[in-house]
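# Commentary on secondary and tertiary structure
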Amino acid sequence: MKLEILHTPPPVSDTERPVPRWATRLAYALPLLLLPSCLWRLPFALHFGMGQVHEAGMPAYWVSIPYVLGLSVLSEAIAILTTGLVRGWGEVAPDWIPVIGGRRIRPMAATAPAVLGGLILTFLFTSIPIGNRRELTSYGVIDTVEYTNGAWETLATVCVTPIAVWGPLTIALAIAYYRRRTAPSPAEKL
C-alpha cells in the first residue's frame, strides 16, 4: 500500500501553456499563509490587546472595526487575486467584466502590477531585529511592541511573521507568469 501525503493537483487546462506545479501550489497557498495574520488582527477591532502593552488608547469602535475588518478582507482579496497568475482568467479577462471581458490580457498588464505590488509589500513588511526591542525597516528604526508575557509574543510572532514573504512570493509568481506567457511556442522554435 502506497501512502500519499501530498497529492498531485488536478490538471488545470484553462491556461494557454502549462503552469509549473510549484507556482500553482504557491499561488493557492498564499491566501492560507496570510490567514493567521488576518485572524490575529480581528480582536484588535474590539479593543482586545492580545497581550500587547499600549501606552495610548485605542481608537473609537466606529474607526477600529471597519479599519481592521477592511484591512483583513483586503489582504485576503489581494492574495486571492494572485491565483490569476496561474489560472486562465489571468490570461483572458472573464466575460462578465465590462469593456475588456473576453479579451486577452497582455503579459505586462498583469506582470507590472504584480511586481510593483510585491515590491511594495516587501518594503512594508521586511524588518531586521537589531536588539533592545528595536527593528531596522526600510523606512527607519522602529520600537517593537511589548507584550505582557512570552506566550502572547510567541503567538504574535507565529501569526505575523509569514506576512514578510508575501512580497517576494508575489514577485516570484509574477516572473513565472511573464516567462510562461512570453516564451516562444514549440512551433515558433522550429
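A brief report on the enclosed structure follows. (Residues numbered from 1 in each chain as written. Predicted model: local features only at pLDDT ≥ 70, side-chain atom pairs only at ≥ 80, totals over all residues. Heavy atoms only, no water.)

On to the side chain of Q52. With respect to the secondary-structure elements, Q52 resides in the loop between α1 (21–45) and α2 (61–81). On the basis of relative accessible area, Q52 is assigned to the buried category, the value being 17%. (Helix = DSSP H or I, 4+ residues; strand = E, 2+ residues; numbered from the N terminus. Buried < 20%, exposed > 50% of the residue type's maximum accessible area, 1.4 Å probe, protein only.)

The next thing to look at is the nonpolar core. Core analysis: the biggest nonpolar cluster contains eleven residues, these being V19, A23, L26, A27, L85, V86, A110, A114, L173, A174 and Y177. Elements that contribute at least two residues to this core include exactly α1, α3 (107–125) and α5 (166–182). The contact partners of A174, leaving out residues within four places of it in the chain, are L85, T111, A114 and V115. (Core = buried A, V, L, I, M, F, W, Y, C linked by side-chain atoms within 4.5 Å. Contact = heavy atoms within 4.5 Å.)

Our focus in this paragraph is the pattern of salt bridges. Side chains that differ in sign of charge can pair as their charged atoms come close. Considering all chains together, one arrives at four salt bridges under this definition. Here R104 ties to E16 by a salt bridge, and the two come within 2.6 Å at their closest N and O atoms. Taken together, the residues R104 in the loop between α2 and α3 and E16 in the segment before α1 connect sequence positions 88 residues apart. By relative accessible area, E16 is classed as partly exposed at 44%. The shortest N-O distance in the salt bridge between R180 and E91 comes to 2.4 Å. Pair noted here: R180 is in helix α5 and E91 is in the loop between α2 and α3, with a separation of 89 residues, a long-range link. (Salt bridge = Lys/Arg side-chain N within 4 Å of Asp/Glu carboxyl O.)

For the rest of this paragraph, the subject is a nonpolar patch on the surface. A cluster of nonpolar residues, L116, I120, F123, L124, F125, Y139 and I142, forms a patch on the protein surface that exposes about 620 Å² of accessible area. The greatest single-element share of the nonpolar patch, amounting to five residues, is contributed by α3. Tracing the backbone shows F123 in helix α3. (Patch = residues over 30% accessible without salt bridge, like charges linked within 9 Å, V, L, I, M, F, W, Y side chains within 5 Å. Areas by Shrake-Rupley, 256 points an atom, 1.4 Å probe, with all protein chains shown as cover.)

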